[in-house]
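Tertiary structure, described
For reference, the chains in residue letters:
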Amino acid sequence: MNLLVSYNWLKEFVAIKQSPEKVAELLSLHALSAERLYHIAKQMDKMVIGKVVKTEKHPNADKLSLNQVDVGGKTVQIVCGAPNVHAGMLVAVALPGARVRWHGEGDLVTLSATKIRGIESFGMMCAANEIGLEKYPDAAKGIIDLSWLQYTENGSLDSRDPFSGVRPGMSLVKALDMDDVLMDVEVTSNRPDAMSIVGVAREVAAVLNAKLSLPTSPQPSPTRRGSKGEVPISLSVDIRAKKLCTRFAAIAIDGVKVGPSPWWIQKRLFMAGLRPINNIVDITNYVMLEQGKPLHAFDADKITESLNHGITESHIIVRTAQKGESLKALDGRIYPLTESMLVVADAQRSLAIAGVMGGEATGVTEKTKTIIFESAVFDPVSIRHTARALNLHSEASNLFEKGLSDESVLPALARAVELTLEIAGGQVASKLVDTRTQKHRITRIILKSKTIERMLGITLSVKDVVRYLTALGFNIEATSKKQRARSWRVTAPWWRHHDVTIEADLVEEIARFYGYHHLPSKLPDGPLATQDATDKKIFFWERRVKELLRGAGYTETMSYSFTSEAAIQKLGLDPAQSIRIVNPLTDDHAYLRPRPIAALLEIVSANQNDRDHIHIFELARMFRPRVGKLPDEPLRLAGAVVSADVFREAKGTVELFLHGMGIASQRISFPEYMEDEFAPWVDTRRSVRIMIDNEKFGSVIMLTEKARKNFDLKQDVALFRIRFEELTALATTTHGYTPLPKYPPVLRDLAFIVPKTVTYAAIDAVLRKQALVTSVELFDLYEGEKIGADKKSLAFHVTYQSPERTLTIAEVDVVQEAMIKELEKKFGAQLRDF
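Residues numbered from 1 in each chain as written. Predicted model: local features only at pLDDT ≥ 70, side-chain atom pairs only at ≥ 80, totals over all residues. Heavy atoms only, no water.

Points about the overall build of the chain
Rules: Each helix corresponds to a stretch of at least 4 residues labelled H or I by DSSP, and each strand to a stretch of at least 2 residues labelled E; elements are numbered beginning at the N terminus. C-alpha atoms define the radius of gyration, and 2.2 Å times the number of residues to the power 0.38 defines the globule rule. For each residue, the accessible area found with a 1.4 Å probe, counting protein chains only, is set against the maximum for its type, and the residue is called buried under 20%, exposed over 50%, and partly exposed in between. A contact between two residues is defined here by any heavy atoms of the two lying within 4.5 Å. Note on areas: Shrake-Rupley with a 1.4 Å probe; residue coverage comes only from the protein chains shown.
Of the regular secondary structure elements, the chain holds 21 helices and 44 strands. Expected size for 834 residues packed as a compact globule is a radius of gyration near 28 Å; at 39 Å, the chain overshoots this value by more than 25%. Viewed in the frame of its principal axes, the chain has a C-alpha envelope of about 125 × 90 × 60 Å. Relative to its full complement of 834 residues, the chain shows a buried share of 49%. A separation of at least 24 residues holds for 70% of the contacts in the chain among residues at least 6 apart in sequence. As displayed, the chain has an accessible area near 41900 Å², and 50% of this comes from carbon and sulfur atoms.

Structural data, given as structure tokens:
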């Protein structure tokens, strides 16, 4: 969460003597991170008030006007395309050298005197969104009209709006009283108390050891009564969803005059990134910025009422939505509500989506005469679920989601009433209704000096501990009167009871105000944590295999451990057999992945249009459910290949890293793939098992046509997968020595025509088992009309060798003839001439 904090507003509450830069530096060191400073005077440099003296049509353009503008002491000519320019109008003029955002979009542009359609133009008359006032009413519609400044030249309409003496040529920042510095402050999500000017002021006062003077408003009470002393409006609140709303306060004010807010309120809303609406709505937003407490205002006349002996009765109900209920919100959209969503209602209908947004029907307009202010605290989880479900997020919902204190309700409401009576007039017309469903919980924690020393490595005096915590609003008292006793009973202030709950939280508060940069820097000593020998071996081989694969041109991927129901179904698996997450962030991450293969295939699918060759791998865990136990999480190495000869590259990659793990070729074989009901995506005719010492450790697989279509794959993809943890048990860095053969090999190339249903692995197994055959390598696969539509040709390099003698041609011929006959008998293979 980020908050734009006005330095001038901050100084109203804290006696600051330091510069904005110094305040930002100290705040970042000890409390909240001030990420950036915005000097408004610098942003509005070379911008002045101008008065349009004369306007006429541009001689060379129908949609442009030629304007004579008084900019103080001289009149300049400015070409403009806005339709709302007229003589006598006060405007914001950016002179040459000023930096503006053209039409409110893109980067800042430095202006210079130029010709527009052949006519000299000196500077620019600006729209509000071109000079940083994006939230000004109709900011993008024409030139910003500042003529209202003329009406207060002889005295401000509000003592806080110093507009007297506004004249052409005056700097814009001075005329608008915006010579301020904004601090972009990052507030962590556990600190909603700091998401306000008051919250930041508390932190700044503590950091600077400066005096803090926060606004205090009187408790509102009825100022309008009948002849018998009765209040004209009787308010009542019924909280039916007691677990979802812990406190709800309301009060009515009648006789208000709804209209624009005074400039001092509007400019603070602008600078915080909010758009002024009218004085009543602006007051609720102003109080939210100031105190961090969202409020809402209802048009009381639009709430279902009853009349009882001349007294208007308004009954407000806090309940969950009814089945089939909907609400048209202030943004003009109709939202269907579910029975888990909290609403504020009257006897007949819902009035607002609690904590998220009010309803259009009871919104405050210029015709409103009587208002009801609401100040409440709602369950943060309920508000978050509602905002997410409706895809409706607001400044209010963002605060409520973080959790607000019950004790924030009345101070904010009293401040809103005070500002309303001052700005919009009217009288308090009802009693203050304050309904609670639970008492405020006071947080008390025992803090020991030993804990501070153990966690921070420093010894602090009692005086320092008390000073740090007291400055932050904590109440601290010794647990014992004994002189040597160094423990305290600490009571957290009401605005911190959500995030300060244990002793370690207090130590953190002390640490940040002592200064993390002052803590001693010392390397930890003592014995290093030992690793299990098995873990050491796995970590070593993880690094080694990754190096081997990266060296072979592969890219490592790191995908989520989560997957979607759709991805599981694409593999032909049943999602019911996978592990579903109770509270997934999105539907795409609703399950723990049962296989790493799906993520690789989705990566291939996303990149296949940009690359002809793809080589990726991932070493990750898969998750299998176990009844009554935590999931099984075996480690798997998986890879995917897209190339001209995908199968051979994938198989060659497996051989590469197996050899790199010290597993000799003689121990490795690739027999044909067996039918696997748990892998319905595998084309068993074109896949092989990875066997080491006749035990299966994985497979090199090709996808079925259905699986390819499921993942929208345009060409063949070969995959390999390995049971990695089991494999590391066989791995070794010790390499055996096999002497070079004394006798030369005999190399022959053989090609066999076989039915397409016969697998490569089946033929390979027959070739390898022959006596004197030491090596078999597939080097060509051919399919075409020349050999028949249901046939394929496999060509092999076959090596014959004896460790005892030089082989004769006759000996090799005997072995080869036996090999050919066996293949012919088993598979109907035919020897093909080259």
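There is more to say after this.
Overview of the nonpolar core
The nonpolar side chains of a soluble globular protein tend to be buried with one another. Basically, it comes down to this: Residue types Ala, Val, Leu, Ile, Met, Phe, Trp, Tyr and Cys, when buried and joined through side-chain atoms within 4.5 Å, form a set referred to as a nonpolar core.
Within the largest apolar cluster, 123 residues are counted, with the highest numbers of intra-cluster contacts made by F248, F373, F378 and L447. Considering each element in turn, this core owes the most residues, 9 residues, to helix α5 (residues 197-208). Apart from the residues within four sequence positions on either side, F373 is in contact with A249, A250, I251, I253, I280, T284, H296, A297, L413, A416, V417 and T420. Listed in part, the 58 residues of the second largest apolar core include A650, F752, V758 and V773.

Some details on the packing of aromatic side chains
Using the following cut-off: Centres within 6.5 Å make a pair out of two Phe, Tyr or Trp rings, where for Trp the six-membered ring is used; the pair is then stacked when the planes are under 30 degrees apart, edge-to-face when over 60, and tilted otherwise. A ring is scored as having a charge over it whenever the NZ atom of a lysine or the CZ atom of an arginine sits within 6 Å of its centre and within 35 degrees of its normal.
What the rule picks out here adds up to 12 aromatic pairs. When the centroid spacing of 5.5 Å and the interplanar angle of 90° are considered together, the rings of W264 and Y286 count as edge-to-face. One end of the pair, W264, is in helix α6 (residues 263-272); the other, Y286, is in helix α7 (residues 279-291), with 22 residues separating them in the sequence. A centroid spacing of 4.9 Å and a plane angle of 80° characterise the contact between F540 and W541, whose relative ring orientation is edge-to-face. Under the relative-accessibility criterion, W541 is labelled buried at 3%. Among the aromatic side chains, those forming a connected cluster through ring pairs are Y136, W148, W263 and F270. Between the NZ or CZ atom of K651 and the centre of the ring of F670, over which it lies, the distance is 4.6 Å.

Looking at the sheet that holds strand β31 (residues 579-580)
This is how it is decided: Strand pairing is defined by DSSP finding a minimum of two bridges between the two strands.
Taken in spatial order, the 3 strands of this open sheet run β30-β32-β31, and their pairing is antiparallel. Where the open sheet ends on each side, the last strands, each with one partner, are β30 (562-563) and β31.

A few points about the state of the cysteines
In plain terms, the rule: Here, a disulfide means two cysteine sulfur atoms that sit within 2.5 Å of each other.
Within this structure, the stated rule accounts for 0 disulfides. Unpaired in terms of disulfides, C80 finds its nearest cysteine sulfur in C126, a separation of 9.2 Å.

A closer look at helix α13 (residues 503-514)
Formally: Expected span, for any helix, means 1.5 Å times one less than how many residues it has.
For α13, spanning 12 residues, the distance from its first C-alpha to its last is 17 Å, which sits close to the expected 16 Å at 1.5 Å a residue. Of all the 12 residues making up α13, 9 are buried; the element is thus mostly covered by neighbouring parts of the structure. Buried within α13 are the following residues: E503, D505, L506, V507, E509, I510, A511, R512 and F513. In this fold, the buried residues of α13 make contact with α2 (20-30), α5, β26 (444-448), α11 (449-456), α12 (462-471) and β28 (487-491). Two residues or fewer after α13 comes G515, characterised by a positive phi angle close to 110°.

A few points about the pattern of salt bridges
As a reminder, the rule being used: We define a salt bridge as a side-chain nitrogen of Lys or Arg found within 4 Å of a carboxyl oxygen belonging to Asp or Glu.
Under the criterion given, the structure shown has 45 salt bridges. For the salt bridge of D45 with K46, the shortest nitrogen-to-oxygen distance reads 3.6 Å. Exposure remark for D45: the relative accessible area of 43% places this residue in the partly exposed category. Take K46: its relative accessible area is 41%, and that puts it in the partly exposed class. A salt bridge links E477 to R489; the nearest nitrogen and oxygen atoms lie 3.6 Å apart. With E477 in strand β27 (residues 475-478) and R489 in strand β28, the pair connects residues that are 12 residues apart, well separated along the chain. Judged by its relative accessible area of 41%, E477 is partly exposed. A cluster of three or more residues bridged by salt bridges with shared partners is formed by R191, D193, E203, R496, D499, E509 and R512.

Side note on the confidence of the model for the chain
For the record, the criterion: What pLDDT reports is the predictor's confidence in each residue, on a scale of 0 through 100.
Averaged over all residues, the pLDDT of the chain equals 90, while 94% of them reach at least 70. No element of the chain has a lower mean pLDDT than strand β16 (residues 305-308), which averages 58, and none a higher one than α7, which averages 97. Scored below 50 in pLDDT, residues 152-157 makes 11 contacts in the model with residues more than four places away or belonging to other chains.

A closer look at a negative patch on the surface
Basically, it comes down to this: Like charges within 9 Å and nonpolar side chains (Val, Leu, Ile, Met, Phe, Trp, Tyr) within 5 Å are joined into patches, using only residues over 30% in relative accessible area that form no salt bridge. Neither His nor the chain ends contribute to the count of charged residues, in which Lys and Arg are positive and Asp and Glu negative. To locate a charge, take atom NZ for lysine, CZ for arginine, CG for aspartate or CD for glutamate.
A surface patch of negative charge is lined by E565, D587, D588 and E602. Tracing the backbone through its elements, the reader meets D588 in the loop between β31 and β32 (591-592).

So, the side chain of S408
Condition: Contacts described as polar in this section are N or O atom pairs within 3.5 Å, which, within protein, must combine one atom able to donate a hydrogen with one able to accept it, while residues neighboring in sequence count only if both atoms come from side chains.
Tracing the backbone shows S408 in the loop between α9 (395-400) and α10 (409-423). Under the relative-accessibility criterion, S408 is labelled buried at 9%. Separated by 2.7 Å, the side chain of S408 and the backbone oxygen of S405 make a polar contact. Setting aside chain neighbours within four positions, we find S408 in contact with K293, V377 and W494.

As for the sheet that holds strand β1 (residues 2-6)
Note the cut-off: To get an axis, a line is fitted to the C-alpha atoms, and for a helix only the part in contact is used. The angle between two axes follows their N-to-C directions and goes from 0 to 180 degrees.
The strand order across the open sheet formed by 3 strands is β1-β12-β2, and the pairing between neighbours is antiparallel. Edge positions in the sheet fall to β1 and β2 (33-39), since each of these pairs with one other strand and no more. Strand-to-strand twist across the sheet, computed as the mean angle between neighbouring axes with direction ignored, equals 25°. Direction of pairing for β1 relative to strand β12 (residues 181-186): antiparallel, over a ladder of 5 bridges. Across the sheet, the residue bridging to V5 is M183, located in β12. Contacts from α2 reach β2 and β12 within the one sheet, and its direction differs from that of β2 by about 165°.

Details of the side chain of T368
Tracing the sequence through the fold places T368 in the loop between β22 (357-358) and β23 (370-378). Reaching out from T368, the side chain makes a polar contact with the side chain of D299 at a distance of 2.8 Å. At 2.9 Å, the side chain of T368 forms a polar contact with the backbone nitrogen of T365. Setting aside residues no more than four positions away along its own chain, T368 makes contact with V256, V258, D299 and G363.

Section: helix α21 (residues 809-827)
What counts, and what does not: Think of the arc as the fan of directions from the helix axis to the C-beta atoms.
Counted at 1.5 Å a residue, the expected span for α21 with its 19 residues is 27 Å, and the 26 Å between its end C-alpha atoms agrees. Taken residue by residue, α21 has V812, V815, Q816, M819, I820, E822, L823 and F827 as its buried positions. Viewed along the axis of α21, the buried residues span an arc of 165°, placing them on a single side of the element. Facing away from the buried side of α21, by more than 90 degrees, are the exposed residues V814, K821 and K825. Elements that come into contact with the buried residues of α21 comprise β41 (746-755), α20 (760-768), β42 (773-782), β43 (791-800) and β44 (830-832).

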